[in-house]
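Geometric and topological summary
Below, each chain spelled out in residue letters.
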Amino acid sequence: MEADLPDHAEDCILRAATFTLQDVDAITEPLAHPLRSIVRKLIQRNPEDRYQSAADVGADLRAGLASLGEPYGPKEALEEVLISLAGASTSRGVLGPTNESQLPPAMVAEEDIITERGTPP
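Remember, predicted model here, so these are calculated numbers, not experimental data.

What to know about the packing of helix H2 (residues 21-28) against helix H3 (residues 33-42)
Across the interface, H2 lies against H3 with an axial gap of 10 Å and an inter-helix angle of 150°. Judged on the interaxial angle alone, H3 and H2 are roughly antiparallel. H2 and H3 meet at a crossing whose hand is right-handed. Taking contact as the criterion, the partners of Val24, Asp25 and Thr28 in H2 are, on H3, Arg36, Val39 and Arg40.

Points about the environment of Val24
The residue Val24 is located in helix H2 in this model. Here Val24 falls in the buried class, since its relative accessible area comes to 3%. On a C-alpha basis, the gap between Val24 and Ile43 in space is 7.4 Å, while along the polypeptide they are 19 residues apart. If we skip the residues at most four places from it in the chain, Val24 touches Phe19, Arg40, Ile43 and Gln44.

Conventions and cut-offs
Residues numbered from 1 in each chain as written. Predicted model: local features only at pLDDT ≥ 70, side-chain atom pairs only at ≥ 80, totals over all residues. Heavy atoms only, no water. Axes fitted to C-alpha atoms, helices over the stretch in contact; angles between N-to-C directions. Helix = DSSP H or I, 4+ residues; strand = E, 2+ residues; numbered from the N terminus. Parallel < 35°, antiparallel > 145°, perpendicular 65-115°, else oblique. Left-handed = near helix turned anticlockwise from the far one by under 90°. Contact = heavy atoms within 4.5 Å. Buried < 20%, exposed > 50% of the residue type's maximum accessible area, 1.4 Å probe, protein only.

If you want it as structure tokens, here you go:
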């Protein structure tokens with residue numbers, strides 16, 4: 001409430017909070033194995049199933065990178081940032097600056113919201 005987020009932010013948060021285990025598996029399936037397991041653990045519905053600290057996330061990220069067998073350091077990170085910036089510059093013309101008239105419509109209907117654990121949508 002204090003963040004003064006746009007109206008659609010609540011819908012996005014509620015949608016993410018209602019992911020089932022099958023939803024999480026489906027949306028992370030295209031990711032490479034080390035990253036897939038990390039993201040799956042990050043977005044678990046039950047807090048007990050998530051990472052308990054940023055240090056734990058960092059350790060798994062480092063182990064995941066090592067398992068790929070390719071070096072990833074400052075040079076590779078810079079290349080990735082530059083590729084992302086180039087992609088963002090290319091996409092900039094697709095959508096103009098956000099204003100109230102360009103916000104997406106509500107993405108979640110009241111009946112889509114799960115309020116109790118184990119309740120199907």
